[in-house]
Amino acid sequence: MTDENHILTRPLGAPAEEAAVEGAAPGVPDEDSVISAIATVYDPEIPVNIYELGLIYAIDLHDDGRVDIEMTLTAPNCPSAQELPEQVREAVAALPGVSKASVVIVWDPPWDMSRMSDDARLALNMF
């Protein structure tokens, strides 16, 4: 997910200084907007959004409005394996300035509960 039009690539959780957006075109969505859109998607079996669950591994923003997302699922046999990536793609594609949204499922590294935010742990009573 890299090219010369690339604005931002960083694994989520990387220091912000590594994610400096230079020469961003006007109207191109920023990472916070994309994260907010992703946070509207919930796993139907878990009352926590997929961003807080730690299922989003990377967000790549491009200056032409493309947004590429790498995500995983809690397990390869997840019953929502077909619908969650499409819901993420639709939520991000609906943002102003997004010309194309793509979602790729990755399995490495495998998801585990350590990827959940503190808010997710609290909501699921997993402290």
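Computed from a predicted model, the values in this text were never measured in an experiment.

Caption draft 1: Main features of the overall build of the protein chain. Helix and strand counts for the protein chain stand at 3 helices and 4 strands. When each of the 127 residues of the protein chain is scored for burial, the buried share is 39%. Within the protein chain, residue pairs in contact and separated by at least 24 positions form 64% of the contacts whose partners lie at least 6 positions apart. Surface accessibility of the protein chain: about 6,900 Å² in total, with carbon and sulfur atoms responsible for 51%.

Caption draft 2: Here's a closer look at the side chain of Thr72. Along the polypeptide, Thr72 turns up in the loop between strand 3 (66-71) and helix 2 (83-93). Beyond its immediate chain neighbours, meaning those up to four positions away, Thr72 contacts Leu55, Tyr57, Val106, Trp107 and Trp111.

Caption draft 3: Just the environment of Pro47, in detail. Within the secondary structure, Pro47 is located in the loop between helix 1 (31-38) and strand 2 (56-62). With relative accessibility at 61%, the residue Pro47 sits in the exposed group. Apart from residues lying up to four places away in sequence, Pro47 is in contact with Tyr42 and Leu124.

What counts and how
Residues numbered from 1 in each chain as written. Predicted model: local features only at pLDDT ≥ 70, side-chain atom pairs only at ≥ 80, totals over all residues. Heavy atoms only, no water. Helix = DSSP H or I, 4+ residues; strand = E, 2+ residues; numbered from the N terminus. Buried < 20%, exposed > 50% of the residue type's maximum accessible area, 1.4 Å probe, protein only. Contact = heavy atoms within 4.5 Å. Areas by Shrake-Rupley, 256 points an atom, 1.4 Å probe, with all protein chains shown as cover.

Keep in mind these numbers describe shape, not what the thing actually does.
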